[in-house]
Amino acid sequence: MDINVAASKYKEGILLAPLEAKMEQLSGEKQLALCLMSLERLYTTYFVKYDKKGAKNFAKVLDILEQALFAGEIPEPDIVEQLADWCDQCVDKMDDGRISEWKQCAIEILFPDCLCQFVESLAGICRQKNPFEFGDIYQIGVDLCEMYELDFLHTTEVDFMSLHDFLAMRHKDVADAVQKAREKAALYKQKKIPRQEYFEALDALDDLCSKYPEDGHLYDNLRKKPPEHPQDIILMHIEAERIEGDLLFLERFAELPNDELRDRLKGYRQLNILKFS
């Protein structure tokens, strides 16, 4: 089975299902605190590092939620509208073709199905101190960790090279053969040479590369190796454990807010969940 498919099934059925059952037993206020704790962990994880312009707006969302929990304040409609526009602008960035693949994947996780609708409903969430149908936003960090560790954690320059390009960097004869094959490819596309001549150049390149088996083995070793099993996705597990810790933390208190929650939120805003501690 594909590791991505296996990981998602494992995440939903093994890691998150028990947490969801516990979350649903919490009061609305505690559910909101659980969501806020997960969102706080994204401030340094994503926004400070990958979206400094967005960090200011995301910090506003966090501050608004904190004020709702600790002081019962409700954001003004124009503020919510500005933040909702910012979320829409972030989604639009996915289509402009100028952002990195990692950033695009992170935006897809963070915004369209999570933050956009959550922010649009921010005033109502703050008024009732309840995340309503957005309660599962506490899972957002687990999703981000899963994607990061499977697809991007060990990515190196070699992951963006073909074997031909890698060997061409190390051997002049391969570099010459690569250049010749590309020239033949261009001529073939222009219908200036027969297909057989183009394929002969490719065969010659492959034969030459086969003379360097040790470099081919090095190429394989340098390329990213994703975890073989869902149980090996360590960051995803660590974030799920943080959520479980948050649930245990909330069970200790009959009522919120309190200073312990304030300190916990402050610490989480400085945490990068995509780093091994």
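Since the model is a prediction, treat every value here as computed from it, not as a measurement. Positions within a chain are numbered from 1, following the residues in the order the chain's sequence is written. In keeping with the model being predicted, local features are shown solely for residues with a pLDDT of at least 70 and side-chain atom pairs are shown and tallied solely at 80 or more, while totals for entire chains, interfaces and linings include all residues. Hydrogens and water are ignored here; the side-chain numbers use all heavy atoms of the structure.

Draft legend 1. Looking closely at a negative patch on the surface. On the surface, E76, D78, E81, D85, D88, D92, D95 and E120 cluster together to form a negatively charged patch. Tallying contributions element by element places helix 4 (residues 77-92) first for the negative patch, with five residues. Nonpolar side chains (Val, Leu, Ile, Met, Phe, Trp, Tyr) are joined into patches within 5 Å and like charges within 9 Å, using only residues with over 30% relative accessible area and no salt bridge. Areas reported here follow the Shrake-Rupley algorithm with a probe of radius 1.4 Å; residue values treat only the protein chains shown as occluding. Salt bridges are defined by distance alone: a side-chain nitrogen of Lys or Arg within 4 Å of a carboxyl oxygen of Asp or Glu. Positive charges are assigned to Lys and Arg, negative charges to Asp and Glu, while His and the chain termini are left out of the count. Where a charge lies is defined by one atom per residue type, namely NZ (Lys), CZ (Arg), CG (Asp) and CD (Glu). By the criteria applied, helices consist of DSSP H or I runs no shorter than four residues and strands consist of E runs no shorter than two, each listed in order from the N terminus.

Draft legend 2. A look at the nonpolar core. Here, nonpolar core means buried Ala, Val, Leu, Ile, Met, Phe, Trp, Tyr and Cys residues that are tied together by side-chain atoms lying within 4.5 Å of each other. Summary of the burial criterion: residues with accessible area below 20% of their type's maximum are buried, those above 50% are exposed, and those between are partly exposed, where the area comes from a 1.4 Å probe applied to protein chains only. Counting residues in hydrophobic clusters, the biggest one holds 77 residues, and the most contacted among them are L39, L65, W102, F111 and L115. Ranked by residue count, the leading element in this core is helix 5 (residues 101-120), at twelve residues. Two residues qualify as a contact provided that any one of their heavy atoms is within 4.5 Å of a heavy atom in the partner residue. With near-sequence residues (within four places) excluded, W102 lies in contact with Y46, Y50, L144, M147, Y148, F152 and L274. V158, L167, V174 and Y219 belong to the second-largest nonpolar core, a separate cluster that totals 13 residues.

Draft legend 3. How the structure looks around the packing of helix 2 (residues 28-50) against helix 12 (residues 234-251). Angles here are taken between N-to-C directions and fall from 0 to 180 degrees, while the axes themselves are lines fitted to C-alpha atoms, restricted in helices to the stretch in contact. Direction vectors running N to C along helix 2 and helix 12 enclose 145°, while the axes themselves pass 10 Å from each other. Considering only the axes of helix 2 and helix 12, their crossing is right-handed. Within the contact between the two elements, helix 2 uses K30, A33, L34, M37, S38 and R41 and helix 12 uses E239, R242, I243, D246, L247, F249, L250 and E251. When residue character is reported, Ala, Val, Leu, Ile, Met, Phe, Trp, Tyr, Cys and Pro are called nonpolar, Asp, Glu, Lys and Arg charged, and the others, Gly included, polar. Split by residue class, the contact of helix 2 with helix 12 holds seven nonpolar, one polar and six charged. Here a crossing is called left-handed whenever its near helix is offset anticlockwise from the far helix by less than a right angle, and right-handed whenever the offset is clockwise.

Draft legend 4. Structural detail: the packing of helix 2 against helix 13 (residues 259-268). For the pair helix 2 and helix 13, the least separation of the axes is 7 Å and the interaxial angle reads 30°. Our classification of the angle between helix 2 and helix 13 gives roughly parallel. Of the residues in helix 13, those touching helix 2 at A33, L36, M37, E40 and R41 are L261, R264, L265 and Y268. Considered class by class, the residues forming the contact of helix 2 with helix 13 number six nonpolar, no polar and three charged. Orientation labels follow simple angle bins: below 35 degrees gives roughly parallel, above 145 gives roughly antiparallel, 65 to 115 gives roughly perpendicular, and whatever is left gives oblique.

Draft legend 5. Expanded view of the side chain of R242. Summarising the element assignment, R242 is placed in helix 12. In the analysis that follows, any N or O atom pair within 3.5 Å is treated as a polar contact, provided that within protein one partner can donate a hydrogen and the other can accept it, and provided that, for residues neighboring in sequence, both atoms belong to side chains. At 2.9 Å, the side chain of R242 forms a polar contact with the side chain of E239. If we skip the residues at most four places from it in the chain, R242 touches R41, Y268, L271 and I273.

What is shown is where atoms sit, not what they do.
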